[in-house]
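Residue strings, one per chain:
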Amino acid sequence: MGSRTFVLIKPDGVQRGLVGAIIRRFEERGLKLVGIQMRHVSEELAESYYAEHRGKDFFLPLVAYVTSGPVVAMVWEGPQAVEVARGTIGATDPADATPGTIRGDYGVDISRNLVHGADSEASARREIGLFFRDEEILSYTRIDEFWLRGS
Ligand code: IDP
Ligand code: MG
């Protein structure tokens with residue numbers, strides 16, 4: 001089994017009709033989708049999910065943003081899943097993000113950056129645990145795994 005990461009399409013991604021385009025980036029890159037759910041994020045969940053940012057000046061707007069509409073929460077698996085997903089997502093501020101990344105192709109402002117990706121394996125485990133029960137994460141072989149990894 002490869003490592004896992006947690007990715008969340010924020011409410012602007014859903015409202016702008018970019019769910020398919022965003023999922024496609026990870027899917028075509030070669031990560032394997034092993035968990036997915038659409039939901040609203042409660043204030044309580046947002047505050048624990050973004051606990052590291054409590055006290056910063058953007059914390060309350062961030063909680064308001066992520067609770068403002070449905071999100072799509074996902075678990076992706078693959079070699080170095082955390083780093084690979086963060087690379088596909090791009091820099092935090094879409095204005096600085098490289099074209100070719102999700103934020104660099106679809107965003108212009110740091111307050112609406114479309115997607116979240118866990119920043120370490122420990123964060124991924126914590127965030128997956130906040131959103132998913134164990135039985136909601138699936139185990140299966142993708143038919144192209146050999147062609148993605150060479151073994
Ligand atoms: P990351 O999402 O690239 O890991 P973090 O520094 O962990 O970036 O920040 C979490 C989220 O908080 C960002 O994705 C963005 O939505 C928001 N955020 C971070 N810095 C700012 C800011 O300066 N203004 C407004 N929102 C911010
Ligand atoms: Mg972060």
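Just above sits the structure.
Since the model is a prediction, treat every value here as computed from it, not as a measurement. (Residues numbered from 1 in each chain as written. Chains lettered and ligands numbered in written order. Predicted model: local features only at pLDDT ≥ 70, side-chain atom pairs only at ≥ 80, totals over all residues. Heavy atoms only, no water.)

Caption draft 1: Focus on the overall build of the protein. Counting secondary structure elements, the protein contains eight helices and four strands. Against the 2.2 N^0.38 benchmark of 15 Å for 151 residues, the protein shows a C-alpha radius of gyration of 15 Å, consistent with a compact globule. Counting every position in the protein, which comprises 151 residues, the buried fraction comes to 46%. Sequence-distant contacts in the protein: of pairs separated by 6 or more residues, those separated by 24 or more amount to 76%. Per element, the accessible surface of the protein, about 8,100 Å² overall, is 52% carbon and sulfur. Side-chain charges in the protein split into 18 positive and 22 negative, and the spacing between the mean points of these groups amounts to 2 Å. (Helix = DSSP H or I, 4+ residues; strand = E, 2+ residues; numbered from the N terminus. Rg over C-alpha atoms; globule rule 2.2 N^0.38 Å. Buried < 20%, exposed > 50% of the residue type's maximum accessible area, 1.4 Å probe, protein only. Contact = heavy atoms within 4.5 Å. Areas by Shrake-Rupley, 256 points an atom, 1.4 Å probe, with all protein chains shown as cover. Lys, Arg positive; Asp, Glu negative; His and termini not counted. Charge placed at Lys NZ, Arg CZ, Asp CG, Glu CD.)

Caption draft 2: Layout of helix 5 (residues 81-89). Those residues of helix 5 that sit buried are Ala81, Val82, Val84, Ala85, Thr88 and Ile89. Where the residues of helix 5 are buried, they touch strand 1 (3-9), helix 2 (19-29), strand 3 (71-78), helix 6 (102-106), strand 4 (115-117) and helix 7 (121-131). Taken from the residues just after helix 5, Gly90 is the one with a positive phi, measuring 95 degrees.

Caption draft 3: Broad picture of the site of ligand 1. Around ligand 1 sit Lys10, His53, Phe58, Leu62, Arg86, Thr92, Arg103, Ile110 and Asn113, and that is every residue in its neighbourhood. At 3.0 Å, a side-chain N or O of His53 approaches an oxygen atom of ligand 1. A distance of 2.8 Å is found between an oxygen atom of ligand 1 and a side-chain nitrogen or oxygen belonging to Asn113. In isolation ligand 1 offers 530 Å² of accessible surface; the protein chains occlude 77% of this area. Looking at the shell around ligand 1 residue by residue, the class counts come to three nonpolar, three polar and three charged. (Near = heavy atom within 4 Å. Polar contact = N/O pair within 3.5 Å; in protein donor to acceptor, adjacent residues only side chain to side chain. Nonpolar A, V, L, I, M, F, W, Y, C, P; charged D, E, K, R; others polar.)

Caption draft 4: Spatial organisation of the environment of Val63. Inspection of the secondary structure puts Val63 in helix 4 (residues 59-66). Accessibility expressed as a relative area gives 4% for Val63, which makes it buried. Taking C-alpha positions, Val63 is 9.5 Å from Tyr49, a pair spaced 14 residues apart along the chain. Discounting chain neighbours no more than four positions away, the residues touching Val63 are Glu43, Ala46 and Glu47.

Caption draft 5: Quick look at the nonpolar core. Phe6, Leu8, Tyr49, Phe131 and Phe132 are the most contacted members of the largest nonpolar core, which has 23 residues in total. Put simply, the parts of the chain that give this core at least two residues each are strand 1, helix 3 (43-49), helix 4, strand 3 and helix 7. Broken down by element, the residue count for this core peaks at five residues, all from helix 4. Non-local contacts of Phe132, meaning those with residues more than four positions away in its chain, are made with Phe6, Gly35, Ile36, Gln37, Ala73, Met74, Val75 and Ile137. If you look at the next biggest cluster of nonpolar residues, it comprises 18 residues, including Val84, Ala85, Leu114 and Val115. (Core = buried A, V, L, I, M, F, W, Y, C linked by side-chain atoms within 4.5 Å.)

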